[in-house]
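Overview (structure and organization)
In case you want the letters, here they are:
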Amino acid sequence: MVEKTRGRKEEVVTREYTINLHKRLHGCTFKKKAPKAIKEIRKFAQKAMGTKDVRVDVKLNKHIWSRGIRSVPRRIRVRIARRRNDDEDAKEELYSLVTVAEIPAEGLTGLGTKVIDDDE
């Protein structure tokens, strides 16, 4: 009998992404830019990690809103961690936690997706 392995979407992993918010918010009304940016980050994390439950960190929220509702950063470097849900009555067994990552001094140019190894 073949041993059943876990699928790619069921493993606990952490990755760093650069999200281009400028193209995702193009044509958006000024007074809706920051809330829409948070929604777009959620949508991105949902697609990248394959989880419905996406939690945005407070620091990421503060970073998006730091320059006001209209002047959202063009690009943002985020760290998305797919984790196990410890809650017994949760609908899904995994959730994604999105936090802001440190931006290197050279800028965001040429940075791709990076898998982070963490021993938990």
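Our subject is the structure that appears above.
Nothing here was measured: the structure is a model prediction, and the numbers come from that model. (Residues numbered from 1 in each chain as written. Predicted model: local features only at pLDDT ≥ 70, side-chain atom pairs only at ≥ 80, totals over all residues. Heavy atoms only, no water.)

**Section: the overall build of the protein**
In plain terms, the rule: Numbering of helices and strands starts at the N terminus; helices are DSSP runs of H or I of at least 4 residues and strands are runs of E of at least 2. Only protein chains enter the accessibility calculation, which uses a 1.4 Å probe; a residue is then buried when its area is under 20% of its type maximum, exposed when over 50%, and partly exposed in between. Throughout, a contact is declared for two residues whenever any of their heavy atoms are within 4.5 Å. When charges are counted, Lys and Arg are positive and Asp and Glu negative, with His and the chain ends excluded. Charge positions are represented by NZ for Lys, CZ for Arg, CG for Asp and CD for Glu.
Each helix and strand counted, the protein has three helices and five strands in total. Start at the N end of the protein and walk to the C end: the helices and strands fall as β-α-α-β-α-β-β-β. By its C-alpha atoms, the protein is 55 × 35 × 25 Å across when sized along the principal axes. Expressed as a percentage of the 120 residues in the protein, the buried residues total 32%. In the protein, once contacts between residues fewer than 6 apart in sequence are set aside, the share between residues at least 24 apart is 70%. In the protein, which carries 30 positive and 19 negative side-chain charges, the distance between the mean positions of the two groups comes to 13 Å.

**Observations concerning the pattern of salt bridges**
Definition in use: Only one rule defines a salt bridge in this text: a Lys or Arg side-chain nitrogen within 4 Å of an Asp or Glu carboxyl oxygen.
What the rule picks out here adds up to six salt bridges. Between Arg84 and Glu93 there is a salt bridge, with its nearest N and O atoms 3.0 Å apart. Where salt bridges share partners, they join Glu16, Arg77 and Arg79 into one cluster.

Nothing here speaks to function; it is all geometry.
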